[in-house]
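Residue-level structure breakdown
One letter stands for each residue in the lines below.
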Amino acid sequence: MAYPTPAKQQPTSGTTIDIPVQGMTCASCVGRVEKAIRAVDGVDAASVNLATERARVSLKPGMTDTSAIADAIRKVGYEPGEETVDLKVTGMTCASCVGRVEKALKRVPGVVDATVNLATERASVRSLGGPDMTAVLIAAIERTGYEAEPVRSGTEQSDRERAAREAELTSLRWSVILAASLTLPLLVFEMGAHFFEDIHHFLAGRFGMDNVRIASFVLASIVQFGPGLRFYAKGWPALLRGAPDMNSLVMLGTSAAYGYSVVSTFAPGLLPEGTDYTYFEAGAVIVTLILLGRYFEARAKGRTSEAIRRLMTLQAKTARVVRDGQEVEVGIEAVRPGDIVAVRPGEKVPVDGEVVEGASYVDESMITGEPVPAQKSLGSGVVGGTINKTGAFRFRATKVGADTLLAQIVRTVEEAQGSKLPIQELVDRVTTWFVPAVIAAAALTFLAWLVFGPSPALTYALVNAVAVLIIACPCAMGLATPTSIMVGTGKAAEMGVLFRRGEALQALKDASVVALDKTGTLTKGRPELTDIQAAPGFVEADVLRLVAAVETRSEHPVAEAIVAEARRRGLDLPGPASFEAEPGFGVRAEVEGRRIEVGADRLMRQLGLDISIFADVAARLADEGKTPLYAAVGGQLAAVIAVADPIKDTTPAAIEALHRLGLKVVMITGDNRRTAGAIARRLGIDDVVAEVLPTDKAEVVKRLQAGGSVKVAFVGDGINDAPALAQADVGLAIGTGTDIAIEAADVVLMSGDLRNVANAIALSQATIRNIQQNLFWAFGYNVVLIPVAAGALYPAFGILMSPIFAGLAMAFSSVSVLTNALRLRRFVPPLPAGSTTSRTVPARLAPAE
């Protein structure tokens, strides 16, 4: 790998940028957008083109923050076109590197926001678009002294990263072996002769101490400029740019020890009398220990992304595609939408599609969490990565490559792993000044010991200043948060929980109220008609036939239950006319010339009908947890109908687990209060908000939040849950629910198992606790040991820290943070639920926007 070299920083001021603007329809739109942009401080001129739907904006010198322009466009009712660029960044070694790359990216005109992750070595940049934005961003990173390239999708990127990681591990392994093999005799020459007189006399008598010093110089030089060259290659350019990093600290510390030893060996007369000591072994041991620490760190970082690699193994490598009437085996990347793909027993389904020939049973446990294979026949959908069990079939490919469910889940987990939590803000603030502060502390330490230290003052000053430079570890601070996020989100995917946004990890931990939708969340979402009682003057079968005819036009689960019962009885269902649905109330239509209305009691009251004749029946049904509905025929009350949605077998255990976690559980439902109360009592739910219209669920969540003082997690699965999912502090969507609900959610319960709500919260708490432990260790380590390295304990206890011990402690710091993060892989969920790695894709999943 070519190491970064310093380059002249190019100016980014006085630039013109093009911003896509969506939603403009006329000249007045153009005027409003132009006026809004020109009002932003730092904008010199703006010209908006309606035909191209782009705004050309000239920035004043020094103006680089373009997020204000995007906000201004939104405020006047239009949407600036944003794009996200993901880059692989190499050469970063510590948190200060991350801060510099982020700062460089945010200075690029057109960039709205940028986040850089040390553990994944990736940068995610939101910008206002532009044809060459990727090239501009890469150039900005390279000017900072690092290397970057666009992130490639799928297996190619994974293979490239694995190869790069293995190459780095191999390089570090040989560097450690070489450094250690040369450092060992150095320790014998220097430390052995110092502590053991016999070794000193042997070396002096056999070789002469001058020759021993020269041999030490040769060995130390090879270590310093062989395995240790990487510290110079990265640390020196960073120092020249005025942006020192961890490599700079190691370079300065080891160079000071090495340089002093060289002078002491070849020009001792330049030093004060009695100070001509050598520290060749100190520099060599520090290089060896830090390289060893980096080797273990690289191995540990590789293990943090194991979940992604396991997901990638679910994808088939090849597919048998029908071409010119023949089955031809091609690479998975060669499959195109519309191709006919053949699948034999025992094979993986290569891509998503629809069965056009044959039948079989397919293991879809990775989607549904159900161990029983699903039957597939003509018209059935199949998902890439699932396993065909018995028969053979052919299907038409509908989604391939990056569009398949498996590719989307991998991409979503990667996005979550690359995100930055609010807790990281403290780290970011500290690391901007940390390395310069350490260099300043080392300089002050040197001066203090030189002026006030005992004789030989120069030796004490050098040793303690080097210890300060070496002991500081910005690596640990940079790795504390992202490594825990990587392991935590990967573990969540294995459990059947998909964090679509990494920020949800922290927000979920703080939730004190869990609000649950009823239908499809607490219940199976497949209601059954249990009772029907006709009003005087009406015949039960006739009313059911008319009601079911109306409900054939509805997709509501209750409608399906009514239609299913009518067909079970063999009733002939006529076609309805002028069908109309009123969310939260019911449906109406004309059947055989008669007006039919079916719905809740509020619909009957709206029609002016008296339902008191069914009061006792409705009360009994509600007490049994059934939902009473009413039917009107020709403007007259005709019947009361009871529909029950069976509660999921896993729901009671899920509610109990949430209570054990100390959470308040609230059910939000459109059911009447009596029915909702009966279900709540049966499940032990703390509070019920009943008779809520679909459009009002978000408002209920807002009330529960109590102006932001209460953190609410909302769990739902339907289209009408999307606003509530978006309003909640954390939205959790049942993975078997609708696309729009999943898109609005922060977390997806892939298997649809409600027990994974408790598991997700428990994992969130464990992950944030792990991050806090890492940050405590990283910050506490530096706060405590930097003063010790400077000699704070010497006046009272006579204790000084050897630079060798400082190097060992520095290496241990990073490795300990990574090791602690890896403990999350052993996290045991409070309830057995969800899925394993082989079952980690929700039935419908859209990537996070």
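Residues numbered from 1 in each chain as written. Predicted model: local features only at pLDDT ≥ 70, side-chain atom pairs only at ≥ 80, totals over all residues. Heavy atoms only, no water.

With that settled, consider the sheet that holds strand E11 (residues 340–343). In space, the six strands of this open sheet follow the order E10-E9-E11-E17-E12-E15, with antiparallel pairing throughout. Bordering the open sheet on either side are strand E10 (326–331) and strand E15 (381–382), each of which pairs with just one other strand. Here two bridges tie strand E12 (residues 352–358) to E15, and the two strands are oriented antiparallel to one another. Looking across to E15, one finds that Glu354 is bridged to Gly381. (Pairing = 2+ DSSP bridges. Helix = DSSP H or I, 4+ residues; strand = E, 2+ residues; numbered from the N terminus.)

The subject of this paragraph is helix H15 (residues 457–471). With 15 residues, H15 should cover 21 Å at 1.5 Å per step; its first-to-last C-alpha distance of 21 Å lies within 8% of that length. Most of H15 sits out of view: 13 of its 15 residues are buried. (Expected span 1.5 Å × (residues − 1). Buried < 20%, exposed > 50% of the residue type's maximum accessible area, 1.4 Å probe, protein only.)

It is worth spelling out the UniProt feature "transmembrane region" (unreviewed entry) in the protein chain at this point. Here, UniProt's "transmembrane region" (unreviewed entry) annotation points to residues 172–194, 214–233, 249–271, 277–296, 430–452, 458–481, 775–794 and 800–822. Along residues 214–233 one finds 85% helix and 0% strand; the C-alpha atoms at either end are 26 Å apart. Along residues 277–296, the helical share is 85% and the strand share 0%, with 33 Å between the first and last C-alpha atoms. (UniProt positions renumbered as here; feature names shortened; annotations may be inferred.)

Spatially, the four strands line up as an open sheet ordered E2-E3-E1-E4, and their pairing is antiparallel. The open sheet is flanked by strand E2 (43–49) and strand E4 (79–80), the only strands paired with a single partner.

With that settled, the discussion passes to the packing of aromatic side chains. Per the counting criterion, the structure on display carries 11 aromatic pairs. Relative to Tyr232, the ring of Phe225 has its centre 5.5 Å away and its plane inclined at 35°; by these criteria the two rings are tilted. Judged by its relative accessible area of 19%, Tyr232 falls in the buried class. Measuring from centroid to centroid gives 6.3 Å for Phe393 and Phe395, while their planes differ by 45°, and the two rings are tilted. Across this residue pair, the class does not change: Phe393 and Phe395 are buried. An aromatic cluster is built from Phe217, Phe225, Tyr232, Tyr258, Phe266 and Phe280, whose rings are joined through pairwise contacts. When the ring centre of Phe585 is taken as origin, the NZ or CZ atom of Arg602, which lies over that ring, is 5.8 Å away. (Phe/Tyr/Trp six-rings, centres within 6.5 Å; stacked < 30°, edge-to-face > 60°. Lys NZ or Arg CZ within 6 Å of the ring centre and 35° of its normal.)

Together, Leu178, Ile214, Val218, Ile222 and Phe266 line one region of the surface with nonpolar side chains, adding up to about 410 Å² of accessible area. The element that contributes the greatest number of residues to the nonpolar patch is helix H7 (residues 209–225), accounting for three residues. With respect to the helices and strands, Val218 occurs in helix H7. Looking at Val218, the relative accessible area reads 41%, which means it is partly exposed. (Patch = residues over 30% accessible without salt bridge, like charges linked within 9 Å, V, L, I, M, F, W, Y side chains within 5 Å. Areas by Shrake-Rupley, 256 points an atom, 1.4 Å probe, with all protein chains shown as cover. Salt bridge = Lys/Arg side-chain N within 4 Å of Asp/Glu carboxyl O.)

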